[in-house]
Amino acid sequence: MYYFDGSSRRWTSLLTLFCILCLLITPAVSVKRENFKTCDQSGFCKRNRAYADTALSESRWQAPYALDPSTVKFDKGVLTGTVLKKIINTNDNVRLPLKITFHESGTARVTIDEERRQKGDIELRHGSKARKERYNEAEKWAIVGGTTVSAGAALNSDAEKGTTRIMYGPGSKFEAVIRHEPYGIEFKREGETQIKFNDRGLMNVEHWRAKVDKPAEEQKEGDEAVVAESDKEAAEDESTWWDEKFGGNTDSKPKGPEAVALDISFPGYQNVYGAAEHTGPLSLKETRGGDDKYTDPYRLYNSDVFEYEMDSPMTLYGSIPFMQAQKKNSNVGVFWLNAAETWIDITKSTTSANPLSLGIGSEVTTQTHWISEAGLLDVFVFLGPTPQDVIGAYGELTGYSQLPQQFSIAYHQCRWNYVTDEDVKDVDRKFDKHRIPYDVIWLDIEYTDGKKYFTWDPMTFGDPIGMQKQLDDHERKLVAIIDPHIKNEGGYHVVDELKSKDLAIKNKDGNIYEGWCWPGSSHWVDCFSPKARDWWKGLFRYDKFKGTGKNSFIWNDMNEPSVFNGPETTSPKDNLHYGDWEHRDLHNINGMTFVNATYEALLARDKDEDKHPVRPFVLTRSFYSGSQRLGAMWTGDNQAAWPHLEASIPMILSMGISGYPFAGADVGGFFGNPSKELLARWYQAGAFYPFMRGHAHIDTRRREPYLAGEPYTQIIAQAIRLRYSLLPAWYTAFHEASTTGAPIVRPNYYVHPGDEKGFGIDDQFYLGSYGLLAKPVTREGQEGQDMYLADKEKYYDYFDYWMYEGPTTVTVAAPLDTIPFLMRGGHIIPRRDRPRRSSGLMKFDPLTLVVVIGNSGDAEGTLYLDDGESFNYKEGAYIHRRFSYQGATSTLTSEDLAALPGKKTNEYLKQMEKVRVEKVIVVGAPQTWAGKTEVEISEEGGKSSSGTKKVPLEFHGQEGGKAAWAVVRDPGVQIGSGWKIAF
Ligand SMILES: *[C@@H]1O[C@H](CO)[C@@H](O)[C@H](O)[C@H]1NC(C)=O
């Protein structure tokens, strides 16, 4: 969310005035850059960039790390040893324990620790009580599976001198070649190098050392004296080792310098993706200057970045330190498991295979340099070869996305703030009056009594239960915000308990930390503590959080945490958490622990009540690897400006390929007032966000869809209805994400990994496995859209069946009421076409199947259905079908994909017995059907005695550029049973 000060508010109103005068101007407010560090202002980033510059510019540079061969042991898939760091100009070595684990899944993990810190054999300054070890609990939060150690991994006795080689992975096709001196690793797939560690010698583990106070005089002389060459080498820049100031705050750094850094190269790979969350293009840019390149590294340090800027490597609210590299038909990746502030430099270099070939056969290598302030050097390596192999393996480790409740993938209506319970009920009625579906209405911070969470303002929300009853009449839900800052006010039961039970984040001296947030003076619950999470759980019980009911869910905002008077608007790094870890060690995980506690709380409140919990829904702003297991995220406080609409698409695609597909951006833009055109276009794009929520700042004009006026209201309503009609496809895509980690909206490279031309495309995408290709309009006044069709396949306009054929770029008409949206041949798309007030009311609606015939003449698609709210699907209460159309025999069949039936299968199938297919539309129907008038249908266990029945077929011939199509109305087959339709 949103904090503002007087000046930006004035800015906004001035601009609003200006906009009224001149409709072409959009609010151009921008981030307060000076509130956030550049690499140069972040001591460890600056030190490591300088280290890199030295290493790369000095020809006689020798990386000072060596694996001591006498320490190497390999046993049952795990290699251990000691890497020695040479201290320049001494004979001393720092011992760094190395562990390389080879997993059954084909993933390798390389972990480097520091022996002295591991043993706690260091001294802290300032009498700090902080833990002495490097933070080693990130895995506890991020990793949930995929760590079975490989029995098949084996030492290759053929290793050249000075190396150790391990064969591993599926069919032993992978290999890790570990070079002893300087230490480095090459990861190979089928003999070809894919990833290199420390190839450029930038690895750096800042070991513990005692602070030596030099006499002031000597220091001064040293600065001025001409130092001998050897001394110069030894002279490291210590200015940021012991404390660091920024924006009026001082970080006491009791552990001294402790950064870890490593260069990771992807030879032959031109594109890298991931490292979410940033506003730039999906294919990450270079970061060390030059035309259209960034000058700062990509930064990962979860922050409340107010009025964030476009096309920037600046940090945002969440971090996923997972990166993929893509070249033609090959994808590999790394996951940097570290929760501290992290920066990533990216550069590319071109090498020519043959110096005389002038670019032909030249190869681009992408080099990355990862730098974290503290913690272990801990990296997972994925060798692909497909994007799904890599994303799937990452998902196996960090967990797949939650299978959300169906309502949560429908449309959400939010604003800061609906002012009273009557206001909420009025908005609810107006949606109905204008026949616009919606599922959820949201309450921002103003519903509380003085920003005290778990309370209601008695003046404005006197009857929250009555309000929820009205919503429940149409199966609608309420989401209320609960943030981690707890108002520091006597007599407020939540803060009283937080203090008396000692569950808050502490300052560096071990006393309760106090900072400033929405309520003014506040304390922060420390959800790293199991006791705190347990206490948090109790707060959501229906009898504790009075006024909430079964159809209320939670929004966790400000969980980076946002601290208005903290350094970079967040917690001081020397604050202390449960287990005496410093905040710096675990900062990027903080937000996830809070959502974890809320998720568990929502589960618990139902368990206490009736033992039948529904799936929790929690929206979060801050996140880390693993947050996908807990709920949805959104991209925070964007602006009602065209560039923000445009940027939302690569941002959401980036989340999808980062294992966190349940992502959205505020529809309409948070700050400022969108023009009606922008609002309409935003809804059209939002209909394709996995998480679709309209939201607006408190200073903006009301903009519920029905207020837009015609034609805008109808255009927006159409976009929302399109979302509702495709909910069966969306839900199936969510199911796929929850079982394989596959993205829900998919960029071109993911779908067509052999198509190099499409690797940079991030303004169009496919929905699920359905071949549905969308490219929403994101520019003002644009009436046509160029769409890139990657493959030799037929594509049809979703709405009027206009035909296109790839590979090519086509221009699709896009007047304001139209979304450029195509169907790729070869797929079958499930829909529910009856307009309803909410998705809950569609539960027993019949389905329409759209068979899209492609070049092969065949088509296929799947459908997953369950009750959309409970966990009964885990006991078999679901329907999972595959529909296939065979061109050769002109038959459409439905077959079961469900695993073995469970305890609740029959009961669910019985409930769904009346749910049938009400229509089959065949797009690109063969011309030979022109004379046909009926189709023959047989259904398994069919009731008709003959076993088959005949149903009319309507055929529409090709017209101009529009494909022929046919329709079978009411084939009468059940969605949950096996059947066959012969055309
Ligand atoms: C929440 O965190 C705890 C502790 O790490 C873990 O045991 C639990 O499974 C997590 N809950 C969810 C829903 O991920």
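For every chain, the first residue of the written sequence is number 1, and numbering continues from 1 onward in sequence order. It should be noted that, the model being predicted, local features are given only for residues of pLDDT at least 70 and side-chain atom pairs only at 80 or more, the latter also being counted only at that level, while totals for whole chains, interfaces and linings use all residues. For side-chain calculations, the full set of non-hydrogen atoms in the structure is used, while hydrogens and water are omitted.

**Here's the deal with unusual backbone geometry**
As a reminder, the rule being used: Secondary structure elements follow DSSP: runs of H or I no shorter than four residues count as helices, runs of E no shorter than two count as strands, and numbering proceeds from the N terminus.
Omega for the peptide link from Glu181 to Pro182 comes to -10°, which places this bond in the cis form. Here Pro182 lies in the loop between strand S8 (174–179) and strand S9 (184–189). The omega torsion across Ala276 and Glu277 is 15°, close enough to zero to call that bond cis. Relative to the assigned elements, Glu277 resides in the loop between strand S15 (271–274) and strand S16 (298–300). Its identity is not glycine, yet Phe454 carries a phi of approximately 70°, on the positive side. Along the chain, Phe454 falls in the loop between strand S23 (440–443) and helix H9 (464–473). Phi is positive for Asp580, which is not a glycine, with a value near 60°. Examined against the element boundaries, Asp580 turns out to sit in the loop between strand S28 (552–556) and helix H12 (583–586).

**Some words on the nonpolar core**
We count it as follows: By convention a nonpolar core is built from buried Ala, Val, Leu, Ile, Met, Phe, Trp, Tyr and Cys residues, the set being connected through side-chain atoms within 4.5 Å. Here's how the labels work: a residue is buried when its accessible area is under 20% of the maximum for its type, exposed when over 50%, partly exposed in between, all with a 1.4 Å probe on protein chains only. The contact definition used throughout considers only heavy atoms, calling two residues in contact when any of these lie within 4.5 Å.
Judged by nonpolar contacts, the single largest core of 170 residues is most densely connected at Phe454, Trp536, Phe540, Phe617 and Met823. Examining the composition of this core, we find that eight residues originate from one element, helix H13 (residues 590–610), more than from any other. Ignoring any residue separated from it by four or fewer positions in sequence, one finds Phe454 in contact with Ile482, Tyr492, Val494, Trp536, Leu539, Phe540 and Phe545. Counting residues in hydrophobic clusters, the runner-up holds 49 residues, among them Leu98, Ala176, Ile195 and Val379.

**Regarding the site of the ligand**
Test applied: If even one non-hydrogen atom of a residue comes within 4 Å of a molecule or strand, that residue is called near it. What qualifies as a polar contact is a pair of N or O atoms within 3.5 Å, subject to a donor-acceptor requirement within protein and to the restriction that residues adjacent in sequence count only when both atoms come from side chains. To be clear on the numbers: accessible area is Shrake-Rupley with a 1.4 Å probe, and residue cover counts the displayed protein chains and nothing else.
With respect to spatial proximity, the complete set of residues near the ligand consists of Lys140, Trp141, Arg533, Asn596, Tyr599, Glu600 and Leu630. Here Asn596 contributes a side-chain N or O atom positioned 2.3 Å from an oxygen atom of the ligand. Between Glu600 and the ligand, the recorded distance is 2.6 Å, taken from a side-chain N or O atom to a nitrogen atom. Protein coverage of the free-state accessible area of the ligand, which is 360 Å², stands at 62%. If one sorts the elements of the shell around the ligand by residue count, H13 sits on top with three residues.

**What to know about the sheet that holds strand S26 (residues 515–517)**
To keep it simple, the criterion reads: Here, strands pair whenever DSSP counts at least two bridges between them. Fitted lines through C-alpha atoms give the axes, limited to the stretch in contact for helices. The angle between two N-to-C directions lies from 0 to 180 degrees.
Pairing within the open sheet is antiparallel, and its three strands lie in the order S25-S27-S26. Either end of the sheet is taken by a strand with one partner, and the two such strands are strand S25 (485–487) and S26. Across the sheet, the axes of successive neighbouring strands diverge by a mean angle of 60°, strand direction being ignored. Pairing of S25 with strand S27 (residues 520–524) involves three bridges; the strand directions are antiparallel. Bridge pairing in S27 places His485 opposite Trp524. Against the sheet, helix H10 (residues 493–500) engages S25 and S27, with an angle of about 115° to S25.

**Looking at the packing of aromatic side chains**
Counted only if it meets this: Classification of ring pairs rests on two measures: the distance between centres of Phe, Tyr or Trp rings, Trp counted by its six-membered ring, which must be within 6.5 Å, and the angle between planes, read as stacked under 30 degrees, edge-to-face over 60 and tilted in between. Lysine NZ or arginine CZ positioned within 6 Å of the ring centre and within 35 degrees of the ring normal marks a charge as sitting over the ring.
For the coordinates displayed, the defined rule picks out 61 aromatic pairs. Three or more aromatic residues joined by ring pairs make a cluster, and in this case those are Phe407, Trp442, Phe553, Trp555, Phe617, Trp634, Phe662, Phe691 and Phe734. The ring of Phe553 carries Arg605 above its face, with NZ or CZ at 5.5 Å from the centroid.

**A short note on the sheet that holds strand S38 (residues 794–797)**
Spatial strand order, S34-S35-S36-S41-S38-S39: six strands in an open sheet with antiparallel pairing. Edge positions in the sheet fall to strand S34 (745–746) and strand S39 (803–805), since each has one partner strand and no second. The sheet contact formed by S38 and S39 spans three bridges and is antiparallel. By the bridge assignment, Tyr796 is partnered in S39 with Met803.

**Looking at the state of the cysteines**
Note the threshold: Disulfide assignment relies on a single distance test, namely cysteine sulfur atoms paired within 2.5 Å.
Taken as a whole, this structure holds one disulfide when the rule is applied. A sulfur-sulfur separation of 2.1 Å characterises the disulfide bridge that pairs Cys39 with Cys45. Residues Cys39 and Cys45 share a disulfide whose torsion about the S-S bond is about -100°; that sign makes it left-handed. For the pair formed by Cys39 and Cys45, the shared burial category is buried. Among the cysteines around Cys414, which has no disulfide bond, Cys517 carries the closest sulfur, lying 17 Å off. Cys517 takes part in no disulfide bond, and the closest cysteine sulfur, belonging to Cys527, lies 15 Å away.

**Considerations on the side chain of His369**
The topology assignment puts His369 in strand S20 (residues 362–372). What makes His369 buried here is its relative accessible area of 3%. In this structure, His369 is in contact with Asn48, Ala52, Arg200, Leu202, Ala261, Leu262, Asp263, Trp343, Ile344 and Asp345, ignoring residues within four places of it in sequence.

**Things to note about the domain arrangement of the chain**
Our working rule: Domain start and stop positions are those given by an automatic or database domain assignment. In short, buried area is how much 1.4 Å probe accessible area vanishes from two parts on joining, totalled over both. Here a salt bridge means any side-chain nitrogen of Lys or Arg lying within 4 Å of a carboxyl oxygen belonging to Asp or Glu. Three categories are distinguished: nonpolar for Ala, Val, Leu, Ile, Met, Phe, Trp, Tyr, Cys and Pro, charged for Asp, Glu, Lys and Arg, and polar for the others, with Gly belonging to the last.
By domain assignment, the chain separates into domain 1 (41–211 + 241–398), domain 2 (406–745) and domain 3 (748–982). Look at where the C-alpha atoms of domain 2 and domain 3 centre, and you get two points 33 Å apart. Taken together, the 48 residues of domain 2 in the interface contact 54 residues of domain 3. Taking both sides of the interface into account, the surface hidden between domain 2 and domain 3 amounts to around 4400 Å²; carbon and sulfur atoms contribute 63%. At the boundary of domain 2 with domain 3, the tally comes to five salt bridges. Remark: the boundary between domain 2 and domain 3 carries 22 residue pairs in polar contact (both at pLDDT 80 or more). Among the elements that line the side of domain 2 that touches domain 3, the one with the most residues is helix H17 (residues 727–740), at nine residues. Classifying every residue of the side of domain 2 that touches domain 3 gives 33 nonpolar, six polar and nine charged.

**Brief notes about the pattern of salt bridges**
In this structure the tally under the stated criterion is 73 salt bridges. For Lys792, the salt bridge identified is with Glu805, shortest N-O distance 3.6 Å. Residue Lys792 is located in the loop between strand S37 (784–789) and S38, and its partner Glu805 is located in strand S39; the two are separated by 13 residues in the primary sequence. You can call Lys792 exposed: its relative accessible area is 62%. Note that Lys950 is salt-bridged to Glu936, the shortest N-O span being 3.6 Å. Placement of Lys950 in strand S49 (residues 948–956) and of Glu936 in strand S48 (residues 934–939) is noted, with a sequence separation of 14 residues between them. Exposure remark for Lys950: the relative accessible area of 52% places this residue in the exposed category.

**Let's talk about helix H2 (residues 43–57)**
Quick reminder of the rule: Take the residue count of a helix, subtract one, and multiply by 1.5 Å to get its expected span.
Helix length check: H2, at 15 residues, gives a terminal C-alpha distance of 21 Å against a target of 21 Å (1.5 Å per residue), a fit within 8%. Gly43, Phe44, Cys45, Arg47, Asn48, Arg49, Tyr51, Ala52 and Ala55 are the residues of H2 that are buried. As for H2, its buried residues are in contact with strand S1 (65–67), strand S11 (204–205), strand S12 (244–246), strand S14 (260–266), strand S19 (342–352) and S20.

**Notes on the pairing of strand S41 (residues 821–824)**
Residues of S41 alternate between two faces, with Phe821 and Met823 on one and Leu822 and Arg824 on the opposite face, all of them buried. Bridge analysis of S38 against S41 gives three bridges, and the strand direction is antiparallel. Bridge pairing in S41 links Tyr795 to Arg824.

**Side note on the environment of Met459**
Within the secondary structure, Met459 is located in the loop between S23 and H9. Given the relative accessible area of 76%, Met459 is considered exposed. For the pair formed by Met459 and Tyr447, sequence separation is 12 residues and the distance between their alpha carbons is 9.7 Å.

**Structural notes on the confidence of the model for the chain**
Heads up, the condition is: Residue-level confidence of the predictor, termed pLDDT, takes values from 0 up to 100.
Across the chain, pLDDT averages 93, with 93% of residues at or above 70. The model gives residues 1–28 a pLDDT under 50, and that stretch makes 53 contacts with residues more than four places away or in other chains. Contacts of residues 220–233 to residues separated by more than four positions or lying in other chains number six contacts, the stretch itself having pLDDT below 50.

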